[in-house]
Amino acid sequence: MSQNVVVIGGGAAGLMAAATAALKTNRVTVLEKNERTARKILVTGKGRCNVTNNCSKDTLIANVAKNGKFLYSAFSAFDSSDTMKYIESLGVPLKTERGNRVFPVSDKAMDIADALLKGAKKQGVSLAQGRAVEILTENNAVCGVLLENSSVIKADKIILATGGASYSGTGSTGDGYKIAEKLGHSIAPIHPSLIPLCIKEGFCAKMMGLSLKNVSLSVFEEGKNKTVYSEQGEMLFTHFGISGPIVLSASAHMRYMDKKQYYCVLDMKPALSIEQLDKRLQRDFSENSNKNFRNALDELLPQKMIPIVVALSGIPAETKVNQISKEQRIAFCHLLKYLKMTVTGTRPIEEAIITSGGINIKEINSATMESKLVKGLYFAGEIIDVDAYTGGFNLQIAFSTGYLAGKSIEED
């Protein structure tokens, strides 16, 4: 039986849900408040769009930081290989890079955004511009969507896919949470995730703009020796602290910033032990035996970092390297391997890649994405209380939940 389906939100999850729901005879409308759909996709992967991660279902679940098991059915219905096939069927060839991250061969996020819209239109999906303010119900079942301009779109089924509260400039302003709350749904507390970190120590600002590759960053909770997170990769110093891929991933593990104190430890030479680093330092010093300490580190560290670590070492910058003691040298190696940075907080949620928190998963049927409270209401994407690490996993959540929500309607 043909149904009127309204998808609120024209992002990755919404467009996937719409295209899937329209596979049969449903009349599907995507309601998007922006002039164009999939705006957030344009800023993902530094404008390249990390579409998904080319990995198994188990690996997908393992990389979901919160409520991963809830997504078992969604990932089973539509996994990363399905996403890749779908995107390529729409004329966008893909490639797999380091860490199994998948990108368009063109390196243009716009190609993915355009393809998702093309996929929806191909199935006869209609687009309507407007802002939903309320979902209307009759006998505890959806019946329509009230818009900001007071007009109403009638609906037999509704998929709420408005995203989170991050990157508000792309339209993700948390509207969906308010709409769901009016219907009785509870919202898990909203926090920024995959977000740059603010650091207490002033040396970060002095190295602003410096990018480090192949370094290791570890996160600890103050007062405990247990590692909360550790990864090797790329990071960036900023005027407020630190950013970059491994920093964003680290932030996903620091979920209790309001209750706990965290600090990061930077290892600038993760491939070398203290002993190996000391031998390297001895070799550099012997080749520059008549140089001052500050002028003997060019082969070891980026130029912008040298005055900072020299100051932190406590060794006078003008000291001749042949006068530096073994104890001073070992202490300097420790500094390079264990540079501590005290985390004071994160940047504002508007700068977060994703939102942690959202619609309580206990109120959603994980096998269909339908609300357990309101008949005919489905959820997809970032609005649900699930979030993952960097690497394409969050977009895969959007595609998988969108597909499952649309398929559940299609099969109804």
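To keep things clear, this report deals only with the structure shown in the data block. (Residues numbered from 1 in each chain as written. Predicted model: local features only at pLDDT ≥ 70, side-chain atom pairs only at ≥ 80, totals over all residues. Heavy atoms only, no water.)

### Some remarks on the overall build of the chain
- Counting its secondary structure elements, the chain contains 12 helices and 21 strands.
- Expressed as a percentage of its 412 residues, the buried residues of the chain come to 55%.
- Taking all contacts inside the chain whose residues are at least 6 apart in sequence as the whole, residues at least 24 apart take part in 72%.
- Carbon together with sulfur atoms contributes 49% to the accessible area of the chain, which is approximately 17800 Å² in total.
- Taken as two groups, the 49 positive and 41 negative side-chain charges of the chain have centres that lie 2 Å from each other. (Helix = DSSP H or I, 4+ residues; strand = E, 2+ residues; numbered from the N terminus. Buried < 20%, exposed > 50% of the residue type's maximum accessible area, 1.4 Å probe, protein only. Contact = heavy atoms within 4.5 Å. Areas by Shrake-Rupley, 256 points an atom, 1.4 Å probe, with all protein chains shown as cover. Lys, Arg positive; Asp, Glu negative; His and termini not counted. Charge placed at Lys NZ, Arg CZ, Asp CG, Glu CD.)

### Concerning the sheet that holds strand E2 (residues 27–32)
- An order of E7-E2-E1-E11-E20 is seen for the five strands of this open sheet, with the pairing classed as parallel. Strand pairing shows two members of the sheet lacking a second neighbour, strand E7 (126–129) and strand E20 (377–379), which therefore form its edges. Across the sheet, the mean angle from the axis of one strand to that of its neighbour is 25 degrees, orientation sign disregarded.
- Bridge count for E2 against E7 is four bridges, and the pairing is parallel. Counted as the bridge partner of Thr-29 is Ser-126 from E7.
- Here helix H1 (residues 12–21) sits on the sheet in contact with strand E1 (4–8), E2 and strand E11 (157–160), set at roughly 170 degrees to E2. (Pairing = 2+ DSSP bridges. Axes fitted to C-alpha atoms, helices over the stretch in contact; angles between N-to-C directions.)

### Some words on the packing of H1 against helix H5 (residues 109–122)
- Direction vectors running N to C along H1 and H5 enclose 25 degrees, while the axes themselves pass 8 Å from each other. When the axes of H1 and H5 are compared, the pair comes out roughly parallel. Viewed along their axes, H1 and H5 form a crossing whose handedness is left-handed. Each of Ala-12, Leu-15 and Ala-19 in H1 lies in contact with H5, whose residues at this interface are Leu-116, Leu-117, Gly-119 and Ala-120.
- Of the residues that constitute the contact of H1 with H5, the class distribution is six nonpolar, one polar and no charged. (Parallel < 35°, antiparallel > 145°, perpendicular 65-115°, else oblique. Left-handed = near helix turned anticlockwise from the far one by under 90°. Nonpolar A, V, L, I, M, F, W, Y, C, P; charged D, E, K, R; others polar.)

### Some details on the sheet that holds strand E6 (residues 101–104)
- Across the sheet, three strands lie side by side as E3-E6-E5; this open sheet has antiparallel pairing. If you trace the sheet from one side to the other, it starts and ends with strand E3 (52–53) and strand E5 (94–96), each paired once.

### Details of unusual backbone geometry
- Unlike most non-glycine residues, Asp-107 shows phi in positive territory, near 60 degrees.
- Residue placement: Asp-107 occurs in the loop between E6 and H5.
- Using a relative accessible area of 29% as the deciding quantity, one classes Asp-107 as partly exposed.
- At Asn-139, a position not held by glycine, the phi torsion is positive, near 50 degrees.
- Here Asn-139 is to be found in the loop between strand E8 (132–138) and strand E9 (141–147).
- For Asn-139, a relative accessible area of 79% gives the class exposed.

### Re the environment of Asn-292
- Tracing the chain through its elements places Asn-292 in the loop between helix H9 (274–287) and helix H10 (306–313).
- With residues up to four places along the chain from it excluded, the contact list for Asn-292 reads Ala-317, Glu-318, Thr-319, Lys-320 and Val-321.
- A polar atom in the side chain of Asn-292 sits 2.9 Å from the side chain of Glu-318. (Polar contact = N/O pair within 3.5 Å; in protein donor to acceptor, adjacent residues only side chain to side chain.)

### Overview of helix H4 (residues 80–89)
- All of the buried residues along H4 are Ser-80, Thr-83, Met-84, Tyr-86 and Ile-87. Considered in projection along H4, the buried side chains sweep an arc of 165 degrees and stay on one side of the axis.
- Phi turns positive one or two residues past the end of H4, at Gly-91, with a value near 90 degrees. (Arc of directions from axis to C-beta.)

### With respect to the pattern of salt bridges
- Counted under the stated rule, the structure contains 16 salt bridges.
- The partner of Arg-48 in a salt bridge is Glu-97, with the nearest N and O atoms 2.6 Å apart. Of this pair, Arg-48 sits in the loop between E2 and E3 while Glu-97 sits in the loop between E5 and E6, and the two are 49 residues apart along the sequence.
- Among the residues examined, Arg-48 registers a relative accessible area of 22% and is labelled partly exposed.
- A salt bridge links Asp-107 to Arg-48, with the shortest nitrogen-to-oxygen separation between them at 3.0 Å. (Salt bridge = Lys/Arg side-chain N within 4 Å of Asp/Glu carboxyl O.)

### Quick word on the packing of aromatic side chains
- Using the criterion set out here, one finds four aromatic pairs in the structure.
- Plain terms: the ring middles of Phe-285 and Phe-293 are 6.3 Å apart, the flat faces sit at 85 degrees to each other, and that makes the pair edge-to-face.
- Judged by its relative accessible area of 8%, Phe-285 falls in the buried class.
- Ring plane angle 75 degrees and centroid distance 5.2 Å describe the contact between Phe-293 and Phe-332, whose orientation is recorded as edge-to-face. Remark: Phe-332 occurs in helix H11 (residues 326–337) and Phe-293 occurs in the loop between H9 and H10; sequence separation between them is 39 residues. Here the two residues Phe-293 and Phe-332 agree in accessibility, since each one is buried.
- An aromatic cluster is present here, built from Phe-285, Phe-293 and Phe-332 joined pairwise through their rings.
- For Lys-340, the ring lying beneath its charged end belongs to Tyr-263, and the centroid distance is 4.4 Å.
- The ring of Phe-240 carries Arg-347 above its face, with NZ or CZ at 4.3 Å from the centroid. (Phe/Tyr/Trp six-rings, centres within 6.5 Å; stacked < 30°, edge-to-face > 60°. Lys NZ or Arg CZ within 6 Å of the ring centre and 35° of its normal.)

### Describing the side chain of Glu-382
- Structurally, Glu-382 can be placed in the loop between E20 and strand E21 (387–388).
- When its relative accessible area of 16% is taken as the criterion, Glu-382 is described as buried.
- A distance of 2.5 Å separates the side chain of Glu-382 from the backbone nitrogen of Thr-355, its partner in a polar contact.

### Things to note about the pairing of E1
- The buried fraction of E1 is high, at four of five residues.
- Inspection of the sheet shows E1 paired to E2 by five bridges, in the parallel sense. Across the sheet, residue Ile-8 finds its bridge partner in E2, namely Leu-31.
- After leaving E1, the chain enters H1 and then returns to the sheet as E2, a path that is right-handed. (Right-handed = clockwise from strand over helix to strand, strands pointing away.)

By themselves these figures say nothing about function.
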